[in-house]
Amino acid sequence: MAPPAPATASTARPVALGTALAALATVVWAGSFVTSRALHDSVPPVQQAFWRWVVALVAVAPFGARAAWRQRELIRRHAAFVLLAALLGIAVYNTLVNQAGLTTPAANMGMIMAASPVLMAVLERAGGTRLGARRVAGLLTACAGVVLLVAGGGGASFAAGDLWMIAAACCFGGYSALLRRRPAGLDGAGFLFTTFLAGTLMLVPCQLGSLALQGGFTPSPGTLLPLLYVGVMSSALAFFAWNKAISLVGPTRAGLVYYLQPVCVALLSWALLGEAAGPRQALCMALILGGVVLGSAARR
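Residues numbered from 1 in each chain as written. Predicted model: local features only at pLDDT ≥ 70, side-chain atom pairs only at ≥ 80, totals over all residues. Heavy atoms only, no water.

### Some thoughts on helix H11 (residues 261-273)
- Helix length check: H11 (13 residues) gives 17 Å between terminal C-alpha atoms against 18 Å at 1.5 Å per residue, within 8%.
- Those residues of H11 that sit buried are Gln261, Pro262, Val265 and Ser269. Axial view of H11: buried residues confined to an arc of 90 degrees, hence all on one face. Counted as exposed and oriented over 90 degrees from the buried face of H11: Leu267, Trp270 and Ala271. (Helix = DSSP H or I, 4+ residues; strand = E, 2+ residues; numbered from the N terminus. Expected span 1.5 Å × (residues − 1). Buried < 20%, exposed > 50% of the residue type's maximum accessible area, 1.4 Å probe, protein only. Arc of directions from axis to C-beta.)

### Overview of the packing of helix H5 (residues 106-113) against H11
- At a minimum axis distance of 8 Å, the contact between H5 and H11 shows a crossing angle of 175 degrees. The orientation of H5 relative to H11 falls into the category roughly antiparallel. Across the interface between the two elements, Ala106, Ala107, Gly110, Met111 and Met113 of H5 pack against Gln261, Pro262, Val265, Ala266, Ser269 and Leu273 of H11. (Axes fitted to C-alpha atoms, helices over the stretch in contact; angles between N-to-C directions. Parallel < 35°, antiparallel > 145°, perpendicular 65-115°, else oblique. Contact = heavy atoms within 4.5 Å.)

### Some words on the nonpolar core
- Counting residues in each nonpolar core, the largest one holds 56 residues, and the members touching the most others are Tyr93, Met165, Phe196 and Trp242.
- Per-element tally for this core: the top contributor is helix H10 (residues 221-258), with 10 residues.
- Contact partners of Phe196, with chain neighbours within four places excluded, come to Trp53, Ala56, Leu57, Val60, Ile90, Ser235, Ala236 and Phe239.
- Core analysis: the next-biggest nonpolar cluster, separate from the first, contains six residues, Cys284, Met285, Ile288 and Leu289 among them. (Core = buried A, V, L, I, M, F, W, Y, C linked by side-chain atoms within 4.5 Å.)

### Here's the deal with the pattern of salt bridges
- Within the structure shown, the criterion is met by one salt bridge.
- For Arg76, the salt bridge goes to Glu73, with nearest N and O atoms at 2.9 Å. You can see Arg76 and its partner Glu73 sitting in helix H3 (residues 72-77), three residues apart, about one turn around the helix.
- We classify Arg76 as exposed; its relative accessible area is 54%.
- According to the relative accessible area criterion, Glu73 is partly exposed, its value standing at 42%. (Salt bridge = Lys/Arg side-chain N within 4 Å of Asp/Glu carboxyl O.)

### Considering the packing of aromatic side chains
- Using the criterion set out here, one finds 11 aromatic pairs in the structure.
- Between the aromatic rings of Trp29 and Phe239, the centroid separation amounts to 5.3 Å while the plane-to-plane angle is 80 degrees, which identifies the pairing as edge-to-face. Residue Trp29 is found in helix H1 (residues 9-38), and its partner Phe239 is found in helix H10; the two are separated by 210 residues along the sequence.
- Note on Trp29: relative accessible area 1%, which makes it buried.
- In textbook terms, an aromatic cluster arises when at least three aromatic residues are bridged by ring pairs, as seen for Trp29, Trp53, Tyr93, Phe172, Tyr175, Phe196, Phe239 and Trp242. (Phe/Tyr/Trp six-rings, centres within 6.5 Å; stacked < 30°, edge-to-face > 60°.)

Below, the structure is given as structure tokens:
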């Protein structure tokens, strides 16, 4: 029997590109957690999410609107998939992150989100993929870190913010696992435009309710520039990079890169917001990251 052919440049190139795109999305998203925390006392969470996706929709429209129109019949046939992706990844996920930013430090937000790759593995198991002992051990380790982080909060508001982030991590894990089932032939830019549009429309009633109950916010460089960042960079650019990475290397391998996020968030929150991390946060980070690396590692 002939030996297996060695990896060629043509096979290694998609893996390298997918890993680089996952790293790009991870670093950009780290900044969005810091931005959400920075806006917690000036822009209500729902309004942050709504204007983020309005900006993202405008940014991706020149590339995605025409593709979405060209593939409108394919999108219509898979409307349930598109709407579920928009609900999990656009309308709900970022609103929960913004809600968590009211009471939770950005570093904690990043640490909790680092458990998402393990959640992706759990959803893969629910879809029929067998989980080995290594993934189960990683899941338990990461969950122990999350539980320790939540249980160690001194007050009820701190615990509530962490729970919002756990819900956000579940939504993002579900969104990433769902991407594996994206219909063949559906253009990446067209898919982004369609989900951004659907998610924005889902947020309209919430936006109107927030304006009626909480009032609007005062436009200023301190509010508009962060919203432009999360709209253009964290939404249009990062979601395109992440979705492309999933298509190239799958959610498990992309998830391996995602564990760099809490480190980036901790550094940015320390540099920009003056947030300090203590020994308990360091222990939680070690448990979560160790669990993610262990649980997401592919079997030989």
